[in-house]
Amino acid sequence: MKIGELLREADPLQHEEPYPSADQRKASRQVVLKTASNAMGPARITLRPAMIYPAVLALLVAAILARAWSPSVVKVQAAVSFEIRLAEDAPGPGLRAAKVSGSDRTIYLHDQAVVSNSDIESARVVQSPAPSRYYVEVKFDRRGAEKMLRGTRGHMDRPLAMVIDGKVVGAPTLRSTIGGSALITGDFTKAEAERIANGIR
Amino acid sequence: MDRECVAAIVPINIGRDPVERLASLFDLHYDRLYRLSRRLVSSTDDALDLVQETFLKAARRPNSVPRGFADEEAWLVRVLINTARDQWRKTSVRTRTDNPGSLSATETRSPEAALIARTAVWAALDSLPPRRRAITVMYEMDGVAVSAIASLLGISAITVRWHLSKARRALAQTLGVYTGEKQ
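This one's a predicted model, so the numbers in the text were calculated from it and none came from an experiment. (Residues numbered from 1 in each chain as written. Chains lettered and ligands numbered in written order. Predicted model: local features only at pLDDT ≥ 70, side-chain atom pairs only at ≥ 80, totals over all residues.)

K.L.:
Account for the overall build of chain B, with residues named and values stated.
P.N.:
Helix and strand counts for chain B come out as 8 helices and 1 strand. For chain B, the sequential pattern of α-helices and β-strands runs β-α-α-α-α-α-α-α-α. The proportion of buried residues among the 183 residues of chain B is 39%. Nonlocal contacts in chain B, meaning residues at least 24 apart in sequence, comprise 58% of its contacts between residues at least 6 apart. (Helix = DSSP H or I, 4+ residues; strand = E, 2+ residues; numbered from the N terminus. Buried ≥ 20, exposed ≤ 12 C-beta atoms within 10 Å, placed from the backbone. Contact = placed C-beta atoms within 7 Å.)

K.L.:
Which residues make up the interface of chain B and chain A, and what values go with them?
P.N.:
Contacts between the two partners involve 54 residues from chain B, matched on the other side by 54 residues from chain A. Looking at the side of chain B that touches chain A, the elements with two or more residues in it are β1 (7-12), α1 (18-40), α2 (44-60), α3 (69-90), α5 (111-126) and α8 (157-179) of chain B. For the side of chain B that touches chain A, the element with the most residues is α1 of chain B, which contributes 14 residues. Tallied by class, the residues present in the side of chain B that touches chain A amount to 34 nonpolar, 8 polar and 12 charged. (Nonpolar A, V, L, I, M, F, W, Y, C, P; charged D, E, K, R; others polar.)

K.L.:
Which residues make up the confidence of the model for chain A, and what are the values?
P.N.:
All names here are of chain A. Here chain A averages 76 in pLDDT, and 76% of its residues register 70 or above. Confidence scores differ between elements of chain A, with helix α3 (residues 49-69) showing the lowest mean pLDDT of 57 and strand β2 (residues 96-99) the highest of 91. Across residues 42-47 the pLDDT falls below 50, and counting only partners more than four positions away or on other chains, this stretch makes 1 contact in the model. Predicted confidence for residues 68-77 stays below pLDDT 50, and this span has 4 contacts to residues more than four positions away or in other chains. (pLDDT = per-residue confidence, 0-100.)

K.L.:
I'd like to hear about the nonpolar core, residue by residue, with values.
P.N.:
Membership of the largest hydrophobic core comes to 50 residues, with the highest contact counts inside it found for L6 of chain A together with V51, L80, V121, M138 and L175 of chain B. Looking at which element gives the most residues to this core, the answer is α1 of chain B, with 8 residues. Both domains that meet at this core, namely domain 1 (1-90) and domain 2 (97-183) of chain B, each give it at least three residues. Beyond its immediate sequence surroundings of up to four residues, L80 of chain B is in contact with L33, L36, S37, L50 and T54 of chain B. V115, Y135, V138 and L160 of chain A belong to the second largest nonpolar core, which has 38 residues in total. (Core = buried A, V, L, I, M, F, W, Y, C linked by C-beta atoms within 7 Å. Domains from an automatic or database assignment.)

K.L.:
Kindly report on helix α5 (residues 190-200) of chain A, identifying the contributing residues and their values.
P.N.:
Of all the residues in α5 of chain A, the buried ones are E192, A193, R195, I196, A197 and I200 of chain A. In the core, the buried residues of α5 of chain A are packed alongside β1 (82-88), β4 (120-127), β5 (134-140), β6 (160-164) and β8 (181-188) of chain A.

K.L.:
Which residues make up the sheet that holds strand β3 (residues 106-116) of chain A, and what values go with them?
P.N.:
Residues and elements named next belong to chain A. Strands sit in the order β2-β3-β1-β6-β7 across an open sheet of 5 strands; the sheet is antiparallel. Lying at the two open borders of the sheet, with one neighbouring strand each, are β2 and β7 (167-170). The sheet shows a mean angle of 55° between the axes of neighbouring strands, direction not considered. Where helix α4 (residues 142-153) meets the sheet, it contacts β1, β3 and β6, and its direction lies at approximately 145° from that of β3. (Pairing = 2+ DSSP bridges. Axes fitted to C-alpha atoms, helices over the stretch in contact; angles between N-to-C directions.)

K.L.:
Account for unusual backbone geometry, naming residues and giving values.
P.N.:
All names here are of chain A. Here D165, not a glycine, exhibits a phi torsion of approximately 50°, which is positive. Its location among the elements puts D165 in the loop between β6 and β7. For D165, a count of 15 C-beta atoms within 10 Å translates into the label partly exposed.

K.L.:
Got a sec to walk through the pairing of β5 of chain A? Specific residues and values, please.
P.N.:
Residue and element names in this part refer to chain A. A large share of β5 lies buried, amounting to 6 of its 7 residues. In this structure, β4 lies alongside β5, joined through 7 bridges in antiparallel fashion. Bridged to V126 within β5 is Y135. Relative to β8, β5 runs antiparallel, the two sharing 5 bridges. Residue pairing in the sheet places K139 in a bridge with S181 of β8.

In structure tokens, the structure reads:
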């Protein structure tokens, strides 16, 4: 038996629950969030005159760099159409029924998209925790981030539809607001994830 | 798309409130970190503690966590490994070097023999420095590619391969009785 086989056979996750229980996770989450709340405190920064000039200079340099870099994010014609729309579980006036890919579920889409290709600043492929499976990380530009924040704020605990090439590929229930970026998780191979990431920009 | 695409969208980098962001970080990365943690320490409780300590470090220094899924995951993994390393250093050398090779292996694959082999493997893994151990378990148990490990840890692929080679050699020395490579 080779070392690799020996290690895989001894993997504790093969012989016990691969994830902690919901209670263990919840307890740990509470401790962490409580610490975060305490750590925030009333932090104050006093700006001394000597600090103002370097700060202004840094801002100017940042502004110049941002202009210099802007050509690299010029948008090209998107090869994959991408939209995020608010949706409902029940029909209603002005809503359009749509089937969610890979399931028997039907959701009802609002007529206006929250964001689409033109609101995306960048998209890239990231490895998922599962081997050979990949996600797509999408960063919205400033206008897109504001649209997402505004659009999702009043839509908690209702579905949010992700539409790629006209198909609803996912409609998770919204549990928290979405701002600057989002992660498209799914059972993507690297080629599929790259196609989406390259196509939606 | 060649086959039907099913996906979910997970909010990350949300809002400006650090607590809200930390909640999102926790929900998104907890499972992945637990899986790595469990393979780095010897018990479920230690693994839970290690993951919690990692998120507590993020909670105490929210501004040091970079933005974006891949960058924040890499940051959390590195903090987790560094935390494991600090704990590993505190453990007495004697505890780590209990000779796993002294356990006798049997030719039969009985449940007892399998358990003994597992115990020996864990003792051997305990002797590896945490970063080397993390690289080894990510590669061998989780099937993560060398290039992905390199970008996750912010090191070169050559360094990852070097760690893998050193780990294999060390494990072969203590586990030779099970692999038949060396006594």
